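Topology and contacts: notes
Residue-level listing of the chains:
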Amino acid sequence: MLLRREMFRCYNSVTRLLSCKRCSLLRSLVLIFALSIVSSLFFLYRVMDTGLHVPRANPPVPHIRCDSQPYSSNLNVDVSSHHRLDDRLRVAHRALLITEVPNSKNGQRIRYFLNALRIEVKFEIKSKAIPTLTNKKSGRFAVIIFENYNTYLDLDTWSRQLVDKYCHDYRIGILSFVRPVDESTDSFRHVDNYHISFHYNLALMDFRIGEATTLWRIMKPGSIWKGALPDTWTIFKSNHSTYQPLAFSRILGRFSDADPKSYSYVPAIFDEGRIDGIPKVLLGSDLNFWLNSIVMMDALSYLSSGRLGLPLDRYIQVDVDDIFVGKEGIRMKVSDVEALVAAQERLEKEIDGFQFNLGYSGGFFLFGTDEEDDGDRKLIEYRHKFRWFSHMFRHEQPHKFPKEYIESAMKLNKQFAEENGIQVYGQYAVAPHHSGVYPVYEPLYSSWKEVWGVKTTSTEEYPKLLPSWKRRGFIHKGIMVLPRQTCGLFTTTVYSSDFRGGLAGLDSSIQGGEIFQTVLTTPINIFMTHLSNYGNDRLALYMLESLVKFVKCWTNFKLLSLPPVELGLKYFEMYPADKDPIWTNPCDYNRHLSIWPENKTCDKLPSFIVVGPQKTGTTALYSFLSQHPDIVSNLPTPKHFEEIQFFNTNNYYLGLDWYMDFFPQPDKPNTTLLFEKSANYFESDLAPKRVAALLPRAKIIVILMNPAKRAYSWYQHMRNHNDPTALNHTFYEVVSASDMASQNLRALHNRCLTPGLYAQHLVRWLDFFPAKQIHLVDSDELRNDPVNVMHLIQKFLHVQNYMDYSQHLRYDPAKGFFCQVLSNKQNKCLGKSKGHKYPSMDHRSEQHLHSFYRKHNINLSKLLSSFETQLPEWLTTELKDIETPKT
Ligand SMILES: Nc1ncnc2c1ncn2[C@@H]1O[C@H](COP(=O)(O)OS(=O)(=O)O)[C@@H](OP(=O)(O)O)[C@H]1O
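Going by the annotation in an unreviewed UniProt entry, the name recorded for the chain is [heparan sulfate]-glucosamine N-sulfotransferase, with Biomphalaria glabrata given as the source organism. Regarding the chain, the relevant UniProt record gives this comment under Sequence similarities (unreviewed entry): "Belongs to the sulfotransferase 1 family. NDST subfamily."

What follows is the structure, encoded as C-alpha cells:
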C-alpha cells in the first residue's frame, strides 16, 4: 500500500513538471531521472504484485506454548473414563435448559453449543412451570441446565421437589451459570443450606485449571490461560468437602505474575452432591469465555452419567484442493513443497496416520512462473509421500457439463496421473466448488463411480454452508458424502493479512476461537485448504501445526487420521441417522442455485400435495383437480399409476431429479399449480419432514373419512387385489388380530388400522407445517357434494381462474358417484376399482372399531377444535355421547 502511495505521489510530481512550460534544461534532466525512477518503481510494484523473483518476508512460525502449573501433583486424567454408570435407566439424549428470559444472549450461546454437540434442547423460561420430566418410564432429559443458578435456588417448593426427585431417580445432575438475581443490586449471596457463597461482578485475569477430578475428561488439568478474562465473573467460596474448585483465577490488576498464591479465586466449581445427592457444576461466567466450553463438555458428560459425552478421539483429515490450479504468484515453489513434506513429517508424530490429501487438476500442471513450475515438478517428485485424489482435469464445475464431458475430463485426469506415476486414491474425489455434490447432479455421481470407483466425497454445502455446526453427511447412490469444515483459509488467503483480522485473527481462531471450537465439538473433521494456502505465507501449515499444539495443550484428545473411505465408514457408524439424505429446494438458497444446472427449474415442483389417507376418495379428488386448466398433476408413474410415492418410500433415494421428472414444465409458471397425490404420505413417519425440507411453502390436503369405514374399504381393496392374507381372513379377524396372530395377519392388521389414527398423524404434519397450510376435506362431502369441496379447495389454493365445478361434475346414477361431464349425455367416471360393490360391514367389526378408534377420534376432535376447524359430521356422530370439547 505504502509503496503504491509513494509511486502515485511521485507520478503526480512528474506530471506537474511535465506541465511546466518554463522548465529549464536542468529541470528536464531531473524529469528524465524521475521518470526512470518511476518506471523502475512501477516495475518493482508489478513484480511484487505477481510475486515474481522478489524475496518476501518469511512465513509466520507457529509459536504456541503450553503454560501449565508446575506445583500440582495430580494432573493425570483417567482418559478411559466415560463417566458411565452401570444403570439401566432410560434417559433421552436431550437437555432441559431453563433460561431467564426468551432469547437471552447466553441462552442462545448455550443452545448453539448444545446443537453443535448434536444434543437436542428443550427450552423453558423460568416463569413457566417445569415441563414434564418423564415419559412413561424414561427420563426426558439427560441433564438440567439453569441459565442462572439462583433460579434453581429460588424455585417454589413444588418445582424444586420435582427437579430434585427427577435428578435422584435418573441419576443426572445440574449444570448452571451463576449470575446475580438482579445485576444492579447484589454483589454477594450466601446460600446457607449449601454452605457456599457467591461474589458477583468481579473482573478477573488468568485462568488456571484445577487438579484432576472425576469430572475432567477432555480438559487438561494444570493448564494456565494468561490474560484478562472477558466480562465480569462470579467467584465461589466454600469450606465444605462436597466442593472441588475446577479452576483458579486472579483479580484483574491486583497481583504480580510471579505470585502463584494469588490464584485464590474460584470461577468454576464442582459440587459432588454430598449435601443433597445431586452433582452440580457451577460456572462463574457464560460461554463467551472459550475455556468454559471445555468445562461445559466435561460437565455435560459427567452430569448425564456419560450419556451426553463425546469420544476423546478427534479425526483430522486435511484436503489440499486445487493442486496445480491457481494463477501465477499464488502457487507453491520448491521450498513450499519441501516445507509441506517437513510439516507432514512433524504432524505424523502428533496425528496417528496423518497424510495430506492432494486434490489435483492435471490440466493446470506447469501453469505458473518458472519457480512455481519447479514447485509442480517437486510435487510430482514427492508424489509417493502424499495421498492423491482427483478433481476435474481443468477444475471445471461438473454441473455445467453433460455426463460424456464429465467422464472424458475425469479420464484425462486419470491419464495425467498415470503419465506422472501418481497412484491416485480413486475411492475419494472432490468436485471443484462443491458443484454437483449438493445439490446432487446425478451425472457427477455416476461418472465418479464409473471412472474412479468413488466411494466417498465431501462438501460444505449439505444441507447448507451455514451455520457450520449444522453441516452433515449423507449417502447417495452408494457414495458417502462427508461434511467438510472451513478453516477460514480460502484460495485467496495467500498472506496472513488476507485472513480476517490478520495473523492475530488467525491466532485467536486457533486459540480457543472458531477453528478450535470446531475440533472441540466435532469428532470427525475434514478441513478444506487450497494449494495457495501452502505457498507464500504457508498459512495452512501455520494453522495446522498451531492448532495441533494448542489442542494438545488444553485437551486429552487423541488425534487420528484415516483414509477417506475408512473415515466415511467411521462417520456413519457414529451417526447412522445421517445416512438418509434430506433433499432441500435449491431455489431457496442462492449458493445452491449457483451450482445447479441452468436447465433445471423449481417451476417443476408441486405447490400442493394431496397426502391421503388411502381409500378416502383421493383418486376422485385427483381427477377433479386435474380438470382445472390451471391445476396440473404429475405424469403417470410406471409402478403406482398416478402416485409418485416419493417422500414415503425408497424412491426418495433416487433423488430430486427423479422426482422432478414426473412434473411437466408449466406453460404459465406464475398461474399454474402443480400437484401430486400419494395416499400413503399421510401416515408415513418420514413424509412430513421430507416434504417440509423440499417444499416448505407447499399446501397439504388431507381427506378424513370415518376411520372404521376407511379400514373396511381398504380391506376390500386388498381382497380385490388378491392379497392372500385378506382373502384368508374375515374383516373381523383382521381388525381384532392380537399380538399372538401370525406375522402376516399382524402386518395386515397394522396396515389396515394405522392410517385411521388421524390425530396422531395430523400432529406430525403440524410439527412441520403451520395449520393454515393444511386443508381438511370431509370424505362424505367429497362423495356427496364435490362441487362445494372444489369451491373450498380453490379458495384455499388461491387459484387465480376460479372454476365453477357445478358445470363440470355430475352425479352418475349408474356409477353411484359424481363424475366428470364430457357432454350432455356422457360422463367420465373412475374405473371399476373405485366404488365397487361389497357387503356392508358386520356389526361385530363395527363395534370393535368403534371402541378401537374412540380415543383417537376424541383426540382428533380436540385437535380440530383447538384450530377452530369444523368437525366432520361422521366425527360428531361417532362422539355424540360425549360433550364437544370447548375451543
Ligand atoms: N366420485 C367418486 N368416484 C369413485 N369413487 C369415489 C368417488 N368419490 C369418493 N369415492 C370413493 O373413493 C374410494 C377410493 O378411494 P381412493 O381413491 O382414495 O383409493 S386409493 O387409496 O387410491 O386406492 C372408493 O372407495 P370404495 O367404494 O370402498 O372402493 C369410493 O367410495
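Next, the rest of the story.
Counting its regular elements, the chain contains 27 helices and 32 strands. Seen through its principal axes, the chain has C-alpha atoms that stretch 110 × 80 × 60 Å. By the burial criterion, 55% of the 887 residues in the chain qualify as buried. Of the contacts formed within the chain by residues at least 6 apart in sequence, a portion of 76% connects residues at least 24 apart. One way to put it: in the chain the 104 positive side-chain charges average out to a point 1 Å from where the 93 negative ones average out.

With that out of the way, let us pick up the site of the ligand. The environment of the ligand is formed by 20 residues, the closest being T618, T619, S713, R783 and Y838. Contact distances for the ligand include 3.3 Å between an oxygen atom and a side-chain N or O atom of K677. Contact with the protein chains hides 96% of the accessible area of the ligand, taken as 640 Å² for the molecule alone. Judged by the proximity of its atoms to the pocket grid, the ligand belongs to the largest pocket. Within the residue set of the shell around the ligand, elements represented by two or more residues are helix 16 (618-626), helix 19 (707-720) and strand 31 (817-821). No other element matches the four residues that helix 16 contributes to the shell around the ligand.

Turning our eyes to something else, we now look at the side chain of R387. Along the chain, R387 turns up in strand 17 (residues 387-390). Look at R387: it is buried, it has no salt bridge, and the nearest opposite charge is D319 at 7.1 Å. Apart from the residues lying within four places of it in its own chain, the contact partners of R387 are Q355, F356, N357, L358, Y425, L562, P563 and P564.

A few words now on helix 26 (residues 843-866). In this model helix 26 runs 33 Å from its N-terminal to its C-terminal C-alpha over 24 residues, within 8% of the 34 Å that 1.5 Å per residue would give. Along helix 26, the sharpest kink reaches roughly 50°, centred on R854. Taken residue by residue, helix 26 has S845, L849, Y853, H856, N857, L860, S861, L863, L864 and S865 as its buried positions. Of the residues flanking the end of helix 26, it is E868, one or two places downstream, whose phi is positive at about 50°.

Going through the model one piece at a time under the given rule, you end up with three cavities of 30 Å³ or more. What the largest cavity holds in volume is close to 60 Å³. Grouping the constituent residues of the lining of the largest cavity by class yields six nonpolar, two polar and no charged. Empty space within the second largest cavity amounts to approximately 50 Å³. Around the second largest cavity, the lining residues are L117, R217, I218, M297, D298, L300, S301, L308, G309 and L310. Classifying every residue of the lining of the second largest cavity by side-chain character gives six nonpolar, two polar and two charged.

Once that is clear, we can look at the sheet that holds strand 31. Strand pairing in a sheet relies on backbone hydrogen bonds. The paired strands run either parallel or antiparallel. In spatial order, the strands read 30-31-32; together these three strands make up an open sheet with antiparallel pairing. Looking at strand neighbours, the two that pair on one side only are strand 30 (809-812) and strand 32 (827-828), the edges of this open sheet. Examined bridge by bridge, strand 30 and strand 31 share four bridges and lie antiparallel to one another. Its bridge partner lying in strand 31, R810 is registered against C819.

Rules behind the numbers
Residues numbered from 1 in each chain as written. Predicted model: local features only at pLDDT ≥ 70, side-chain atom pairs only at ≥ 80, totals over all residues. Heavy atoms only, no water. UniProt positions renumbered as here; feature names shortened; annotations may be inferred. Helix = DSSP H or I, 4+ residues; strand = E, 2+ residues; numbered from the N terminus. Buried < 20%, exposed > 50% of the residue type's maximum accessible area, 1.4 Å probe, protein only. Contact = heavy atoms within 4.5 Å. Lys, Arg positive; Asp, Glu negative; His and termini not counted. Charge placed at Lys NZ, Arg CZ, Asp CG, Glu CD. Near = heavy atom within 4 Å. Polar contact = N/O pair within 3.5 Å; in protein donor to acceptor, adjacent residues only side chain to side chain. Areas by Shrake-Rupley, 256 points an atom, 1.4 Å probe, with all protein chains shown as cover. 1 Å grid on protein atoms, 1.4 Å probe; cavity = no way out; pocket = protein on both sides within 12 Å on 5 of 7 lines; lining within 4 Å. Sits in = over half its atoms within 2 Å of the grid points. Salt bridge = Lys/Arg side-chain N within 4 Å of Asp/Glu carboxyl O. Expected span 1.5 Å × (residues − 1). Bend = angle between axes of the 7 residues up to and from the residue. Points joined across faces, edges and corners; volume = space filled by probe spheres on them. Nonpolar A, V, L, I, M, F, W, Y, C, P; charged D, E, K, R; others polar. Pairing = 2+ DSSP bridges.

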